[in-house]
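# Observations on the model geometry
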Amino acid sequence: MLTYEIVPEDLPRMRFGVSPLTEMCLSLRALRAPTAYRHPLARAHAALPGAGTGHVDVLTALVTDDFTTPDFLTPRPESPQPRIHDELSGVVRLPAASVMHVLDTMWDSHPPQVLRGPSWSVRSRLVEALERYWTHSFARFWAEYRSVLAADIRFRATQVVDHGLVAALATLAPHVRLEGDRLHAVSRAGPSYHAALAGRDLVFVPSFFTLGASYPTDPTSAPMVIYPARGQGLSPTASAAAGAHVLTLLGAARARLLGLLETPTTTAELAASLGKTSSAVNQQLHALHACGLVEAGRSGKCVLYRRTELGDLLVGQVRAAGSPAPGVQAERAASAPASASASTSR
């Protein structure tokens, strides 16, 4: 069990966050122990074309028999939306000797064969395995994961505003509790220790892949508590078909427009890409904005539009199902004969 000592001055330094690398690393628990972690997605990730069976051996070796994972692969989120490539770059910059020290500590100086060898080689091997896992597997589902995790954080923020921080933490998870000036987190893995925040930020991180609570194995690590996210049982593979149907309901023009809004874009740029007038594009943007799928922001004299997390979720569901990009799918649907559409519906 972890116990953090908290003084009143620490309360404003508590926050919530999400880390793509942390979530991806924790998902390896489901790959390592599918019976204990009944989440089908990690196994589905590893089976995708291009994942590489040799890399799966490295990935499964990063989880011990008691489901402990390396602290350097579960970083505390230090910004609102950290990027996976930045977090992996941080791993690359770690001293190779430090990486080996963590692995040796996890495995009592006897790590699996795939994690043995020169320290620089082991570090390169695991980073390559994680990059391949992300590229061929995890990235396909990250938009939906992130949306569910972000929804959890928004719920917690509402709880804090409505009922106060203490009440919000009381409903965080059964394995996390605040008693006076001490926060306790009970984990099925990892050591027990007692530490003071001592002016350091404490970050709460929702996850799909923790059963109770998770936290750093090293007491000197940046304070963090990982807890089960609301909606943990949701499966992107189960909801992908629903996403495709919603895009169909949006219509070809709006679906195609939604697919183009990966990054902030002006109405004029969208109109040029679609071959339509700015007025027509504005009408569609307003409709998508009213549905909460698009948000607008001003940069100087320009208004920039981009997808919201809900919009990302919708697009991510279609991609997770292996469907074409929304714009391509909408164009095909619009040009297909009615009889063909009926014969291919599921």
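Just above sits the structure.
None of the values given here were measured: they were computed from a predicted structure.

## Observations concerning the side chain of Ser187
- Relative to the helices and strands, Ser187 resides in the loop between strand E4 (182-185) and strand E5 (193-196).
- Among the polar contacts listed, one links the side chain of Ser187 to the backbone oxygen of Ala213, at a separation of 3.0 Å.
- Apart from residues lying up to four places away in sequence, Ser187 is in contact with Ala213, Ser214 and Tyr215.

## Let's talk about the packing of helix H9 (residues 252-260) against helix H10 (residues 267-274)
- Between H9 and H10, whose axes approach to 11 Å, the crossing angle comes to 120 degrees. For the element pair H9 / H10, the angle class is oblique. By crossing handedness, the relation of H9 to H10 is classed as right-handed. Only Leu270, Ser273 and Leu274 of H10 make contact with H9, whose side of the interface consists of Arg256, Leu257 and Leu260.

## Section: helix H11 (residues 278-290)
- Across its 13 residues, H11 extends 18 Å between first and last C-alpha, which sits within 8% of the 18 Å expected from 1.5 Å per residue.
- The set of residues buried in H11 consists of Val281, Leu285 and Leu288. Taken end-on, H11 shows its buried residues confined to a sector of 60 degrees, consistent with a single buried face. Opposite the buried face of H11, at more than 90 degrees from it, the exposed residues are Gln283 and Ala290.

Cut-offs applied
- Residues numbered from 1 in each chain as written.
- Predicted model: local features only at pLDDT ≥ 70, side-chain atom pairs only at ≥ 80, totals over all residues.
- Heavy atoms only, no water.
- Helix = DSSP H or I, 4+ residues; strand = E, 2+ residues; numbered from the N terminus.
- Polar contact = N/O pair within 3.5 Å; in protein donor to acceptor, adjacent residues only side chain to side chain.
- Contact = heavy atoms within 4.5 Å.
- Axes fitted to C-alpha atoms, helices over the stretch in contact; angles between N-to-C directions.
- Parallel < 35°, antiparallel > 145°, perpendicular 65-115°, else oblique.
- Left-handed = near helix turned anticlockwise from the far one by under 90°.
- Expected span 1.5 Å × (residues − 1).
- Buried < 20%, exposed > 50% of the residue type's maximum accessible area, 1.4 Å probe, protein only.
- Arc of directions from axis to C-beta.

Read these as spatial facts, not as claims about activity.
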